[in-house]
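Here are the chains, one letter per residue:
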Amino acid sequence: MKRILLFVMTNLAVVLVLGVVASLLGVNRYLTANGLNLGALLGFALVMGFGGAIISLLISKPMAKWSAGVQIIEQPRNQDEAWIVDTVRKFADKAGIGMPEVGIFEGDPNAFATGAFRDSALVAVSTGLLRNMTREEVEAVIGHEVAHIANGDMVTMTLIQGVMNTFVVFLSRVIGYAVDSFLRKNDEESSGPGIGYFVTTIVLDILLGFVAAIIVAWFSRQREFRADAGAAELMGRKQPMINALARLGGLHSAELPKTVAAMGIAGGIGQLFSTHPPIEERINALQAL
């Protein structure tokens, strides 16, 4: 309930901030004088910005099961599956969250957590992870994923993505309208947005979208440090998580589907757009605890 309240308050805060800034800068008067309804634009930006992020969050579990080919462990068929379920239950109880669904998927070493709600999330580990790591290391990875759930990281990332999307939609259209008005200032017969508006909006949606992606990726990397520390806390010591990260650093990790990549244990390549910090930085942060 607190996270739902946070989500609603954030939505309202974004609209309020955009409205106040536009008012202080005189943008609203300019836009209104030139035929653009600022209130309607704010509403449109809010719906477009948060709409996609909310829908992605709500369908994250079924999408993850489908895209990664996760097989849910309804009834453990062997000792390994029973151990995984018991480990997730142990950490979930210790973290104070509801028991997540537990699943296994085929692939190179990786794991992820997803779901819209803390008490009905999903934790999935790959067959490659189980084959290439010791049980203590796998336990640390599972602790990392449970820490993501306990920290509310899925909702947090949705909030950040929604805020970024809202600003991108709002700014690209305000600037597009200003450019279009400038280009057609001597055209008294024109009405409605012209080609300048559409071209500018498309270009800025792309450019500002890249900037937004960089900001979201930075927040995601900070969240990984917290989850690593959370795993160490759940296990009562940090060495298993350090060993698990060191092992991942020497293995070829699976590329997760984009819908769950940010919640995996291992990330991709590219500093600015990477959702995970380098393994060495994560190990150093744990050692400094």
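See the structure printed just above.
Structural notes, computed from the coordinates. Worth saying up front: this structure is predicted, and the values here are computed from it rather than measured.

**Some words on the sheet that holds strand 2 (residues 101-105)**
Right, on to step 1. With mixed pairing, 4 strands are arranged side by side in an open sheet as 1-2-4-3. Since the sheet does not close on itself, it has two edges, and those belong to strand 1 (71-72) and strand 3 (111-114), each with one partner.
Right, on to step 2. Judged from the 2 bridges that link them, strand 1 and strand 2 form a sheet pairing that is antiparallel. Counterpart to Ile-72 in the pairing with strand 2 is Gly-103.

**Re a nonpolar patch on the surface**
Right, on to step 1. Together, Leu-171, Ile-175, Val-179, Phe-182 and Leu-183 make up an exposed nonpolar region whose accessible area comes to about 450 Å².
Right, on to step 2. In this fold, Phe-182 is placed in helix 8 (residues 153-183).
Right, on to step 3. Residue classification places Phe-182 among the exposed positions, given a relative accessible area of 55%.

**A few points about the packing of aromatic side chains**
Right, on to step 1. In this structure the tally under the stated criterion is 2 aromatic pairs.
Right, on to step 2. Plain terms: the ring middles of Phe-105 and Phe-112 are 5.5 Å apart, the flat faces sit at 40° to each other, and that makes the pair tilted.
Right, on to step 3. On the basis of relative accessible area, Phe-105 is assigned to the buried category, the value being 4%.
Right, on to step 4. Assessed through its relative accessible area of 0%, Phe-112 is described here as buried.
Right, on to step 5. Ring centres 5.1 Å apart and planes at 80° place the aromatic pair Trp-218 and Phe-219 in the edge-to-face group.
Right, on to step 6. Given a relative accessible area of 36%, Phe-219 falls into the partly exposed group.

**Side note on the nonpolar core**
Right, on to step 1. Ranked by size, the top nonpolar core spans 40 residues in total, and within it Ile-84, Leu-129 and Ile-142 carry the most contacts.
Right, on to step 2. Ignoring anything within four residues of it in the chain, the contact list for Ile-142 reads Ile-84, Thr-87, Val-88, Phe-91 and Val-125.
Right, on to step 3. In this structure, Met-157, Val-163, Ala-212 and Val-216 belong to the second largest nonpolar core, which totals 8 residues.

What counts and what doesn't
Residues numbered from 1 in each chain as written. Predicted model: local features only at pLDDT ≥ 70, side-chain atom pairs only at ≥ 80, totals over all residues. Heavy atoms only, no water. Pairing = 2+ DSSP bridges. Helix = DSSP H or I, 4+ residues; strand = E, 2+ residues; numbered from the N terminus. Patch = residues over 30% accessible without salt bridge, like charges linked within 9 Å, V, L, I, M, F, W, Y side chains within 5 Å. Areas by Shrake-Rupley, 256 points an atom, 1.4 Å probe, with all protein chains shown as cover. Salt bridge = Lys/Arg side-chain N within 4 Å of Asp/Glu carboxyl O. Buried < 20%, exposed > 50% of the residue type's maximum accessible area, 1.4 Å probe, protein only. Phe/Tyr/Trp six-rings, centres within 6.5 Å; stacked < 30°, edge-to-face > 60°. Core = buried A, V, L, I, M, F, W, Y, C linked by side-chain atoms within 4.5 Å. Contact = heavy atoms within 4.5 Å.

That's the geometry; what it means functionally is another story.
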